[in-house]
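Structural characterization, general
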Amino acid sequence: MDAGKIKDLKFFVDQCKANPDILNDPSISFFREYLESLGCKIPASAHKYGGSTDSHHASHGVYDSDEDVEEKDNDVQMESESDDELIESDIELDGDTVEPDNDPPQKMGDQSIEVTDENREAAQIAKGTAMEAISEGKFDEAIDQLTNAILLNPSAIMYSSRASVFIKMKKPCSAIRDASAALEINPDSAKGYKSRGIALAMLGNWEAAAKDLHVASKLDYDEEIMAALKKVEPNAHKIEEHTRKYERLRKERTNKKMERQRQRRRAEAQAAYNKAKKKETSSGNPCGGCTPGGGCSGEGKQGGMPGGFPGGMPAGMGGMPGMGGGMPAGMGGGMPGMGGGMPGMGGMPGGVPGNIDMSAILNDPELLAAFKDPEVMAALQDVMKNPANFAKHQSNPKVAPVIEKMMKKFSKPT
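Residues numbered from 1 in each chain as written. Predicted model: local features only at pLDDT ≥ 70, side-chain atom pairs only at ≥ 80, totals over all residues. Heavy atoms only, no water.

As annotated in an unreviewed UniProt entry, the chain carries the name Hsc70-interacting protein and is attributed to Zostera marina.

Looking now at unusual backbone geometry. Both trends apply: most residues other than glycine have a negative phi, and most peptide bonds are in trans. With phi around 55 degrees, K170 is a residue other than glycine that occupies positive phi space. With respect to the helices and strands, the residue K170 is situated in the loop between α7 (156–168) and α8 (172–185). (Helix = DSSP H or I, 4+ residues; strand = E, 2+ residues; numbered from the N terminus.)

With 32 residues, the main nonpolar core has A142, V165, A175, I198, L213 and V232 as its most contacted residues. Broken down by secondary-structure element, the contributors of at least two residues to this core are α5 (117–135), α6 (139–152), α7, α8, α9 (190–202), α10 (206–219) and α11 (223–283). Aside from chain neighbours lying at most four places away, what touches A175 is A163, F166, I167 and A199. I361, V376, F390 and M406 belong to the second largest nonpolar core, which has 17 residues in total. (Core = buried A, V, L, I, M, F, W, Y, C linked by side-chain atoms within 4.5 Å. Buried < 20%, exposed > 50% of the residue type's maximum accessible area, 1.4 Å probe, protein only. Contact = heavy atoms within 4.5 Å.)

This paragraph deals with the packing of α6 against α7. At a minimum axis separation of 10 Å, α6 and α7 run at an interaxial angle of 160 degrees. One way to sum up the angle between α6 and α7 is to call them roughly antiparallel. The way α6 lies across α7 gives a crossing that is left-handed. Side by side, α6 and α7 meet where F139, A142, I143, L146, T147, A149 and I150 of the first sit next to M158, Y159, S161, R162, V165, F166 and K168 of the second. A per-class count over the contact of α6 with α7 returns 10 nonpolar, two polar and two charged. (Axes fitted to C-alpha atoms, helices over the stretch in contact; angles between N-to-C directions. Parallel < 35°, antiparallel > 145°, perpendicular 65-115°, else oblique. Left-handed = near helix turned anticlockwise from the far one by under 90°. Nonpolar A, V, L, I, M, F, W, Y, C, P; charged D, E, K, R; others polar.)

According to UniProt, the positions carrying the feature "domain: STI1" (unreviewed entry) are residues 364–403. Taken end to end, residues 364–403 is 60% helix and 0% strand, and its two terminal C-alpha atoms sit 13 Å from one another. (UniProt positions renumbered as here; feature names shortened; annotations may be inferred.)

At 3.6 residues per turn, the α-helix brings residues three or four places apart onto the same side. With 14 residues, α6 extends 20 Å from end C-alpha to end C-alpha; this agrees with the ideal 20 Å at 1.5 Å per step. Within α6 the residues assigned to the buried category are A142, I143, L146, T147, A149 and I150. Around the axis of α6, the buried residues are gathered within 160 degrees of arc, so they sit on the same side. Buried residues along α6 sit against α5 and α7. (Expected span 1.5 Å × (residues − 1). Arc of directions from axis to C-beta.)

Going through the model one piece at a time under the given rule, you end up with 16 salt bridges. Among the salt bridges present, the one from R248 reaches E252, with a minimum N-O distance of 3.9 Å. Here R248 pairs with E252, and both are found in helix α11, just four residues apart, close to one helical turn. (Salt bridge = Lys/Arg side-chain N within 4 Å of Asp/Glu carboxyl O.)

Further remarks concern the packing of α7 against α8. One can describe the packing of α7 onto α8 by two numbers: an axis separation of 8 Å at closest approach and a directional angle of 160 degrees. With respect to their mutual orientation, α7 and α8 come out roughly antiparallel. Crossing angle aside, the handedness with which α7 passes α8 is left-handed. Residue-level contacts link A156, Y159, S160, R162, A163, F166 and I167 of α7 to S174, A175, D178, A179, A181, A182 and I185 of α8.

Here it is, written out as structure tokens:
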């Protein structure tokens, strides 16, 4: 077993002895289960795994370097910060609000009816009666009279008048319905905007209330509108500032998260590159095509001759006709990359002394290019099976020059 791994294992066991809580790490649950299967008693955890910084690093020490652990810790921390919900602080607002009224919707007038003079006059009488009831604090009676007036003459002024009574009765939802009906009939109704703005403020809808009250003040300024604005505007401004603040924070948070993701992708790409570079360097042979004789095929593959000669060159090949001698004797060990190598080519008639530098062939670009041609390789294999077959290939302009060049290199004195 690798001495380094044994040292790491001993370190891990020592850490477990010092802090058994390490065994609660889910990533090594298989080891805990193995210990339990042997009858070992695992002590109860004093606290959840991760509560101790030392135990956290100790559990990783067996598998990761300190840099890896630190990087993983930073990633976990950044992901935790990114996933946490941004909790908004409370806003201190001034002014009292009321609960929404849940009364059934009040009766509304029919806009499609034709209002006669008699109806218009009767509606005015009902409205006058309602005003007297309001002055006496009889709000329910005032609502009844104004409802009769609305049924007779559903005008903006009638709806606005009833909305103001609902406000006095602290029924903001009913007031908003009447004020909105008045604005549908007359979009320039200052009283409609004022009543709806005050009702919205009663519900704590400060921004919408401020908007309606500002419109009302432009249409028809009065002290009641200004008093309402003084109450509403500070809260509306606080909400607007609060909203802008957290919109900015969310945007910054999103930008930081995107930047972390970009940095992580760059780091992962750099780590992958460094790992590949380290692996290439540690291999000690980046090309892979270099041969024992010093030559290199340049193909990045083990061995020199592409395609290879299956089964190797047969031993005892005699001289090829017209080639002056034969293939050299004593070429043991074979030619790298040629299938099964060139086994024991001893005793070739007319051969020359061995110790041929194979790089002379493997570094020849013309020969390397020829070896990639299937026709040339087939002819070479045929000649190597039977040197006498060279005669039938002499007329082939591709094959003959290759064989002749190879034989010259074999015949070259060392």
